[in-house]
Amino acid sequence: LSGAHKNTNTNNFKVNMPTTKTNADTAIDTMDFLNDLRSKYGHQPTFLQSVEEMAVSLEPFFSDPEKGDFYKRAFVMMAEPERSISFRVPWMDDTGEMRFNRGWRVEFNSALGPYKGGLRFHPTVDEGILKFLGFEQMFKNALTGLPMGGGKGGSDFNPKGKSDAEVRRFCQGFMTELARYIGPSTDVPAGDIGVGGREIGYMYGQYKKLTNRHGEGVLTGKSLLFGGSPFRPEATGFGLVYIAKIAMEKKSGLSLKGTRCAVSGSGNVAQYASKKLMELGAKVVTMSDSNGVLYFDEGMTEEDWKEVIEAKQVKRSRLETIESKVSGRYIPNESPWSLDLKYDFAFPCATQNEIDGEAAETLCANGLLGLFEGANLPTTLEGQEAIRAHSNVIYIPGKASNAGGVGVSGFEMSQNAQHLQWKPEEVDAKLQELMQNIYNKMDSAGKDVTLEQGANRAGFLTLTTAMQELGWMY
C-alpha cells in the first residue's frame with residue numbers, strides 16, 4: 001500500500017527455534033520445514049511471516065517428547081491450503097472497453113465446517129496475501145467455537161475511483177466465476193477491504209440470477225432486506241473493543257473511561273471500534289487512511305464520527321476532505337504509529353504490517369498499556385518482539401481480537417438456515433458472549449502463557465483435534 005499504511009518487506013526475517021528430532025528417520029525438523037517454505041514461497045513474504053509467527057508460539061508443542069512430531073505434521077499440513085482457485089474476471093468500464101482482473105479463492109481448511117472468510121478487492125491482492133489471510137482465518141474461526149473452516153479470496157481490482165456502474169459490472173463478473181465453487185455447506189465468503197455492503201449486494205444478486213437459488217447463506221454481510229444479520233457491520237469493531245475491555249479488567253483492573261485510544265484506519269472496523277470506544281467513555285484521538293491521519297487532541301466527538309461515516313460510507317472520499325468539518329487536525333503522510341505521541345491503548349485497524357519495530361518501541365516508551373489488533377497481522381515480527389519485551393503491555397493478536405466479525409457471520413449463517421432474523425440486542429448479547437469465550441480460551445491455555453500464545457495454541461489444538469478425529473491426521 002502506498003502512503004502512510006504500507007506493507008513492510010519481510011523477506012529477510014528470521015526466527016530462532018530449536019531443531020529437536022525424536023527419530024532421525026521420521027521426525028520433521030521445524031527449521032527444515034520453514035526453510036522449505038521459504039524456498040517455495042519466497043515471493044509470498046506476508047504468508048511466510050504469518051506461518052513463522054504461529055510457529056514461534058507453538059514451539060513448546062513441537063518439542064513435546066510424546067506428541068511433538070504429531071504436532072509438527074499437523075502444522076505442516078495446515079500450512080498448505082486444501083486448494084487454491086484462480087480465475088480471470090472480465091468486465092466493461094464506462095467507456096465500453098473490456099478490462100480484465102485476476103480473482104482467487106484460497107480454501108485453506110474445512111475440518112470444522114465450510115470454508116469461511118472474506119473477499120478483498122485491492123490492487124495489492126495476490127495469492128500470497130490471500131494465503132496469509134486464509135492461514136490466519138482458519139485459526140480465528142477455530143477460536144469462535146462455531147462450525148466454520150477457513151478461507152479467503154479476492155481480486156487485484158481497485159474499487160477506488162470507479163463508478164458505481166463499473167463496480168457493479170466487476171462484481172457481477174467476479175461472481176460469475178466464483179459461483180461454481182461456493183455454497184452454504186461448501187464455502188461462504190464475506191466482505192473485507194474494498195468489499196462492503198454494496199459489493200456483497202451486487203455479488204449476491206448475480207449469484208441468485210445464475211443459480212435460481214434464493215434465501216441461501218452463501219454470502220454473509222448481506223443487507224437485512226435479503227438475509228443479513230443485525231449487527232454485522234458493527235461486529236468486528238464492537239467485538240474488538242469488547243475483548244479489549246475484558247482483558248483490561250482481568251489483567252490490570254483498568255477501565256476504558258478517560259483513556260487515550262489511537263485507532264488506525266477509517267473503514268468498517270475502525271469506524272465501529274471508535275464508536276464503541278466513545279460509548280464506553282474513551283477518548284479516540286486518531287483515525288487515518290493511506291494518505292494521512294486525523295488527530296483529535298481532546299478526543300473525537302460524535303459529530304466528528306458522523307463526518308467520517310459520511311466521508312467513507314457515502315461519499316467514499318479521503319479524510320483530508322473533512323478537515324474543516326471536524327474538531328481534529330489532519331496530518332498528511334503520517335499514520336498514528338509514526339507520530340511520537342502518548343497513547344494508552346492502540347487499536348490498529350488498517351492493514352497488515354502497519355506497526356513495525358521502531359513504531360512499537362516508540363509506543364511502549366510513551367507508556368502504552370495495551371495493543372489490540374483490529375486488522376489481520378498489523379504488527380510486524382519486529383514489532384511483536386518489541387511488544388513482548390514489555391510484559392506490562394497487554395497484547396491480543398487479530399486472530400482473537402477481530403474474530404467478532406466472522407462470529408456474527410456465523411450467526412448470519414445460522415439465521416439463514418433457520419429462515420429467521422434475530423433481534424439486534426440478541427445478536428449483540430451473543431457477540432459479547434463469543435468474545436468472552438475467546439478470552440477464556442486464551443487465558444486458560446496454561447501457566448505463564450501470554451494471551452497471544454494462548455490464542456495461537458487454542459486455535460491450533462482445536463484444528464488438530466478435529467483433523468485427527470476425522471482421520472485426516474494420525
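Provided above is the structure to which this section pertains.
Notes on the structure in this doc start here. These numbers were taken from a predicted model, which means no experiment stands behind them. (Residues numbered from 1 in each chain as written. Predicted model: local features only at pLDDT ≥ 70, side-chain atom pairs only at ≥ 80, totals over all residues. Heavy atoms only, no water.)

1. Observations concerning the sheet that holds strand E1 (residues 83-92)
Using the following cut-off: In this analysis, strands are considered paired if DSSP registers two or more bridges between them. Only DSSP runs of H or I covering at least 4 residues are called helices, and only runs of E covering at least 2 are called strands; the numbering of each starts at the N terminus. To get an axis, fit a line to the C-alpha atoms, keeping to the stretch in contact for a helix; angles then go from 0 to 180 degrees between the N-to-C directions. Contacts: residue pairs with any heavy atoms within 4.5 Å of one another.
The strand order E1-E2-E4-E3-E5 describes an open sheet built from five strands, whose pairing is mixed. In the strand order of this sheet, the two ends are held by E1 and strand E5 (187-190), each with one partner. Going from strand to strand, the sheet's axes swing by 20° on average, the running direction of each strand aside. Bridging between strand E3 (residues 115-121) and E5 involves four bridges; their strand directions are parallel. From the neighbouring strand, Gly118 faces E5, where its bridge partner is Ala190. In the packing of helix H4 (residues 127-144) onto the sheet, contacts are made with E1, strand E2 (98-109), E3 and strand E4 (150-155), and the angle to E4 comes to roughly 150°.

2. Structural notes on helix H13 (residues 404-418)
Heads up, the condition is: To estimate the expected span of a helix, count its residues, drop one, and scale the result by 1.5 Å.
Relative to the 21 Å expected for 15 residues at 1.5 Å per residue, H13 spans 21 Å between its end C-alpha atoms, a close match to the ideal helical length. For H13, the elements touching its buried residues are E3, H4, E5, helix H7 (232-252) and helix H14 (424-443).

3. What about a nonpolar patch on the surface?
Applicable threshold: What makes a patch is a set of residues exposed beyond 30% relative accessible area and free of salt bridges, joined within 9 Å when like-charged and within 5 Å when nonpolar (Val, Leu, Ile, Met, Phe, Trp, Tyr). For every accessible area listed, the method is Shrake-Rupley and the probe measures 1.4 Å; residues are considered covered only by the protein chains on display. We count a salt bridge whenever a side-chain nitrogen from Lys or Arg sits within 4 Å of a carboxyl oxygen from Asp or Glu. Burial classes follow relative accessibility: with a 1.4 Å probe on protein chains only, a residue under 20% of its type's maximum area counts as buried, one over 50% as exposed, and anything between as partly exposed.
On the surface, Met77, Leu470 and Trp472 cluster together into a nonpolar patch covering about 270 Å² of accessible area. Following the sequence through the fold, Leu470 ends up in the segment after helix H15 (451-469). Leu470 gets classed as partly exposed once you look at its relative accessible area, which sits at 46%.

4. Quick notes on the packing of aromatic side chains
This is how the line gets drawn: Pairing of aromatic side chains here covers Phe, Tyr and the six-membered ring of Trp, requires ring centres within 6.5 Å, and sorts the geometry by plane angle: under 30 degrees stacked, over 60 edge-to-face, intermediate tilted. Look at NZ for Lys and CZ for Arg. If either is within 6 Å of the ring centre and within 35 degrees of the ring normal, a charge sits over the ring.
Taken as a whole and judged by the stated rule, the model has 30 aromatic pairs. Geometrically, the ring pair formed by Trp91 and Phe157 is edge-to-face, given 5.3 Å between the ring centres and 90° between the ring planes. One end of the pair, Trp91, is in strand E1; the other, Phe157, is in the loop between E4 and helix H5 (164-178), and 66 residues separate them in sequence. Classification of Phe157 as buried rests on a relative accessible area of 1%. Its guanidinium or amino end placed over the ring of Phe47, Lys131 lies 4.3 Å from that ring's centre, counting from NZ or CZ. In this arrangement the basic side chain of Lys162 is found over the ring face of Phe157, its NZ or CZ atom lying 5.2 Å from the centre.

5. Thoughts on the packing of helix H1 (residues 30-40) against helix H2 (residues 45-62)
Rules: For this classification, under 35 degrees means roughly parallel, over 145 means roughly antiparallel, 65 to 115 means roughly perpendicular, and everything else is oblique. Only Asp, Glu, Lys and Arg are considered charged in this grouping, and only Ala, Val, Leu, Ile, Met, Phe, Trp, Tyr, Cys and Pro are considered nonpolar; every other residue, Gly among them, is considered polar.
Relative orientation of the contacting elements H1 and H2 amounts to 170°, with a least axis distance of 11 Å. For the element pair H1 / H2, the angle class is roughly antiparallel. Only Leu48, Val51, Glu52, Ala55 and Phe62 of H2 make contact with H1, whose side of the interface consists of Thr30, Leu34, Leu37 and Arg38. Tallied by class, the residues present in the contact of H1 with H2 amount to six nonpolar, one polar and two charged.

The quantities given are spatial measurements derived from coordinates; they are silent on function.
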